[in-house]
Amino acid sequence: MPNKIKKVLIANRGEIAVRIIRSLKDMGIKSVAVFSEVDRESLHTRIADECICVGPKNAKESYLNKIQIINAAIVTGADAIHPGFGFLAEDPEFAKLCEIYNIKFIGPSSKVIGLMGNKDVSKKMMQSIDIPVVPGSDGIVETVALAKEISRKIGYPVIVKARSGGGGKGMRIINSEDELENSFKAAKKEAENAFGDGALYIEKYIVKPRHIEVQILADEFGNVIHLGARDCSIQMNHQKVIEEAPPTAISKEIMDKLYEISIKAAKYVGYSNVGTIEYLVSENNEVFFMEMNTRIQVEHPVTEMVTGIDIVKEQINIASKKKLSYKQDDIKIEGCAIECRINAYDSDRNFIPSVGKIDCLNIPGGYGVRVDSSIYQGYDISPFYDSMLAKVICFGKTREEAINIMDRALDEFIVEGVKTNIKFNKMIMNDIDYIQNNYSTSFLEDKVRREG
Ligand code: ADP
């Protein structure tokens, strides 16, 4: 396999495909965009050096069609594939196919993806090296009777989660035994519908925690560093809405502990490329490993803003078999960055997705504002894919300044033709508890319940 990467196929669409193409251009590397039949006019196909259709609108037959994507890489002479996030990014079988076809998969090995992708296996591995994990069932819980027994043992509240989960689907919080049977069955059904896999496991529900995650950078020679952490506690239905770096509500002592165990975990599993280790930090500062994501994350730009490091560029350098160009001491965290996800949905109507043509668009700018997006005026938002349109990332010397800049940027962000959550994000920027950094992962749901 040649070490020098000259052409990269991006096995993704939307904002992240655009984001990756930008770094490739900055590095003088050729890019190949793939698109489904309905994405012909998408921005990523317009800015890539080449583009190739990989199938119909149904993602299963296009963006998730492994053989078709491999074929596209072969036909276009791409020597590497960047999977972005979602779609095939954490599919060990796809990474294995790339290995077989001698195409560099820009991410860790298929083996590591497989190990960390299984939440059960990864939790057991972490426990074996004394990293605390959320207490829970030892594997899949098949029956209501067993679920009751386990929940009694770990104590209510508990949370049931889907083995094949993602995006908060198939999750239910259960406060007492009376609720268990109904919630367990409902979660199973939801998981079956969403993932074709109804397998569930049970965890202790950590009440009002912070979601803190550590960004890992690892080369293929065993060097591992971290790029600090992000606080992703502003969530709706267990999905992130706003993220920031660095996490300023957590003590230095706890953060140092998280960094130390994250490096230990990444070294232990033989991790390479970029990855994120997610933790819950409880109100009394207990730390629990949740999972490791073996890919670039949606919220990576906040880390880029406070470290000055282009994470996609690092991914490509690592995949080109270069040693890390940074030592831990070189990493300096400066200022504060906040990201708001701009989604095409109606926050006045229970967050239902909104589709249609963007008639009028103004993207915010100015000091401290970065917008990663794939939309343009006249663009038709299709109902077939994720509803994220853009990410607004604002940087300030302090958290207060970053919030003020975000508030201003959201005012400037005009999207007409489809409904978005811009107003909803603005409400958060003006919330006193958010401003005072006084919140947990329950913040948004509590607020929506309170204020209707
Ligand atoms: P997914 O894989 O669906 O994204 P995660 O396991 O990453 O799900 O969890 C998503 C969010 O759900 C977390 O950030 C956290 O807010 C909440 N969550 C998950 N597990 C627990 C738990 N045991 N206790 C409290 N909250 C949890």
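To be clear, the structure that these remarks concern was listed above.
Worth saying up front: this structure is predicted, and the values here are computed from it rather than measured.

> Please explain the site of the ligand as it appears in this structure.
Near the ligand you find 20 residues, and of these Lys 119, Glu 203, His 211, Gln 235 and Glu 291 are the closest. One nitrogen or oxygen atom from the side chain of Lys 119 is found 2.9 Å from an oxygen atom belonging to the ligand. Ile 206 places a polar main-chain atom, nitrogen or oxygen, 2.9 Å from a nitrogen atom of the ligand. In the complex, the protein chains occlude 93% of the 550 Å² of accessible area that the ligand would expose alone. Elements with a contribution of two residues or more to the shell around the ligand: β6 (158-162), β8 (200-204), β12 (273-281) and β13 (287-293). Grouping the amino acids of the shell around the ligand by side-chain chemistry returns seven nonpolar, seven polar and six charged.

> Help me understand the nonpolar core, please; the structure alone is not making it clear to me.
Where a protein is soluble and globular, its nonpolar side chains tend to be buried together. If you look at the biggest cluster of nonpolar residues, it comprises 42 residues, and the most contacted ones within it are Ile 234, Ile 242, Ile 338, Val 392, Met 429 and Tyr 434. Of all elements in the fold, only β10 (224-236), β11 (239-245), β14 (336-343), β19 (369-373), β21 (388-396), α12 (399-412), α13 (422-429) and α15 (443-451) reach the threshold of two or more residues within this core. It is α12 that provides the largest number of residues to this core, a total of six residues. Discounting residues that sit within four places of it in the chain, Tyr 434 has contacts with Ile 234, Ile 242, Glu 244, Ile 338, Arg 399, Ile 403, Ile 428, Met 429, Tyr 439 and Phe 443. Grouped together as the second largest cluster of nonpolar side chains are 30 residues, Met 125, Ile 212, Val 214 and Val 281 included.

> What is the right way to read the packing of aromatic side chains from this model?
Any pair of aromatic rings gets described here by the distance separating the centres and the angle formed by the planes. Counting across every chain of the model gives eight aromatic pairs. Relative to Tyr 379, the ring of Tyr 376 has its centre 5.3 Å away and its plane inclined at 55°; by these criteria the two rings are tilted. By relative accessible area, Tyr 376 is classed as buried at 18%. By the ring-pair criterion, three or more aromatic residues cluster together here, those being Tyr 63, Phe 87, Phe 384 and Tyr 385. The ring of Tyr 439 has Arg 210 lying over it, and the distance from NZ or CZ to the ring centre is 3.9 Å. A cation over an aromatic ring shows up here: Arg 399 above the ring of Tyr 434, its NZ or CZ 4.6 Å from the ring centre.

> Teacher, can you tell me more about the sheet that holds strand β1 (residues 7-10) here?
Strands pair in a sheet through their backbones, by hydrogen bonds, and they do so in one of two ways: parallel or antiparallel. Across the sheet, five strands lie side by side as β3-β2-β1-β4-β5; this open sheet has parallel pairing. Single-partner strands in this sheet number two, and they are β3 (50-55) and β5 (104-105). Two elements, β1 and strand β4 (residues 80-82), share three bridges in a ladder whose sense is parallel. Residue pairing for β4: Leu 9 is matched across the bridge by Ile 81.

> Mind showing me how you'd approach the packing of helix α3 (residues 66-76) against helix α4 (residues 92-100) here?
Helix packing geometry: the angle between the two helix axes and the distance between the axes. Following both chains from N to C, one finds α3 and α4 inclined at 30°, their axes separated by 11 Å at the closest point. By the angle between their axes, α3 is roughly parallel relative to α4. Pair α3 / α4 crosses with right-handed handedness. On the side of α3, the interface is formed by Lys 66, Ile 67, Ile 69 and Ile 70, while α4 contributes Glu 93, Phe 94, Leu 97 and Cys 98. Partitioned by chemical class, the residues of the contact of α3 with α4 number six nonpolar, no polar and two charged.

> Honestly, the pattern of salt bridges in this entry has me stumped. Any pointers?
Oppositely charged side chains can pair when the atoms bearing their charge come close. On inspection of all chains with the given rule, the structure shows 38 salt bridges. Here Arg 172 makes a salt bridge to Glu 190, at a shortest N to O gap of 3.2 Å. In this pair, Arg 172 is assigned in strand β7 (residues 172-174) and Glu 190 in helix α8 (residues 177-195), connecting sequence segments 18 residues apart. We classify Glu 190 as partly exposed; its relative accessible area is 27%.

> Help me understand the side chain of Thr 276, please; the structure alone is not making it clear to me.
Summarising the element assignment, Thr 276 is placed in strand β12. A polar atom in the side chain of Thr 276 sits 2.5 Å from the side chain of Gln 297. Sequence-distant contacts of Thr 276, that is, excluding residues within four places in its chain, are made with Glu 213, Val 214, Gln 215, Arg 230, Glu 291, Met 292, Asn 293 and Gln 297.

Cut-off values and rules
Residues numbered from 1 in each chain as written. Predicted model: local features only at pLDDT ≥ 70, side-chain atom pairs only at ≥ 80, totals over all residues. Heavy atoms only, no water. Near = heavy atom within 4 Å. Polar contact = N/O pair within 3.5 Å; in protein donor to acceptor, adjacent residues only side chain to side chain. Areas by Shrake-Rupley, 256 points an atom, 1.4 Å probe, with all protein chains shown as cover. Helix = DSSP H or I, 4+ residues; strand = E, 2+ residues; numbered from the N terminus. Nonpolar A, V, L, I, M, F, W, Y, C, P; charged D, E, K, R; others polar. Core = buried A, V, L, I, M, F, W, Y, C linked by side-chain atoms within 4.5 Å. Buried < 20%, exposed > 50% of the residue type's maximum accessible area, 1.4 Å probe, protein only. Contact = heavy atoms within 4.5 Å. Phe/Tyr/Trp six-rings, centres within 6.5 Å; stacked < 30°, edge-to-face > 60°. Lys NZ or Arg CZ within 6 Å of the ring centre and 35° of its normal. Pairing = 2+ DSSP bridges. Axes fitted to C-alpha atoms, helices over the stretch in contact; angles between N-to-C directions. Parallel < 35°, antiparallel > 145°, perpendicular 65-115°, else oblique. Left-handed = near helix turned anticlockwise from the far one by under 90°. Salt bridge = Lys/Arg side-chain N within 4 Å of Asp/Glu carboxyl O.

Treat this as a map of the structure, not an account of what it does.
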